[in-house]
Amino acid sequence: QVAVLESGGGLVQAGDSLRLSCAASGNTFFSRAMGWFRQAPGREREVVARITWSGGSTYYADSVKGRFTISRDVAKHTVYLQMNSLKPEDTAVYYCAASSVSWPRSAEAFGVWGQGTQVTVSS
């Protein structure tokens, strides 16, 4: 029932910043947490960050700690991913996902996924 849509991707140079947005629509009643994932060419999909709607608890992958910040706008039911000090290694398709679990432990706990937005960081 819930639909999510990512936006904000693009091509930037190393060291630049970018902010991704993820808007949830439709029946969002059972949405308890949101997450950002990414998949680079030839690599497995990995979790980037996640946040709960109720308490705003966050989680970050070690590779992005200190550089990326996930935040939420409860009224708009929108989640953001502020990406600073971007590196070529950050190049990937970034996906937003919604979970009915308050603190999802894995990607399998996210039942609704967006189409993805491409982020390309040149060296």
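Residues numbered from 1 in each chain as written. Predicted model: local features only at pLDDT ≥ 70, side-chain atom pairs only at ≥ 80, totals over all residues. Heavy atoms only, no water.

(A) How the structure looks around the sheet that holds strand β3 (residues 18-26). The sheet built from four strands is open, its strands ordered β1-β3-β8-β7 with antiparallel pairing. Only two strands of the sheet have a single neighbouring strand rather than two, namely β1 (2-7) and β7 (68-73). Averaged over all pairs of adjacent strands, the angle between their axes in this sheet comes to 15°, without regard to strand direction. Bridge count for β7 against strand β8 (residues 78-83) is six bridges, and the pairing is antiparallel. Each bridged residue has a counterpart across the sheet, and for Asp-73 the counterpart in β8 is Thr-78. (Pairing = 2+ DSSP bridges. Helix = DSSP H or I, 4+ residues; strand = E, 2+ residues; numbered from the N terminus. Axes fitted to C-alpha atoms, helices over the stretch in contact; angles between N-to-C directions.)

(B) Looking closely at the side chain of Thr-117. With respect to the helices and strands, Thr-117 occurs in strand β11 (residues 117-122). A polar side-chain atom of Thr-117 sits 3.2 Å from the main-chain amide nitrogen of Gly-9. Among residues more than four places away in sequence, those in contact with Thr-117 are Glu-6, Ser-7, Gly-8, Gly-9, Leu-20, Ala-92, Val-93 and Tyr-94. (Polar contact = N/O pair within 3.5 Å; in protein donor to acceptor, adjacent residues only side chain to side chain. Contact = heavy atoms within 4.5 Å.)

(C) How the structure looks around the pattern of salt bridges. Overall, the coordinates contain four salt bridges when judged by the stated rule. A salt bridge links Asp-90 to Arg-38; its shortest N-O distance comes to 2.9 Å. Of this pair, Asp-90 sits in the loop between β8 and β9 (92-99) while Arg-38 sits in strand β4 (residues 33-39), and the two are 52 residues apart along the sequence. We note a salt bridge from Lys-65 to Asp-62, for which the minimum N-O separation is 3.1 Å. If you follow the salt bridges from partner to partner, you end up with Arg-38, Glu-46, Arg-67 and Asp-90 in one network. (Salt bridge = Lys/Arg side-chain N within 4 Å of Asp/Glu carboxyl O.)

Keep in mind that these numbers describe shape and distance, not what the molecule does.
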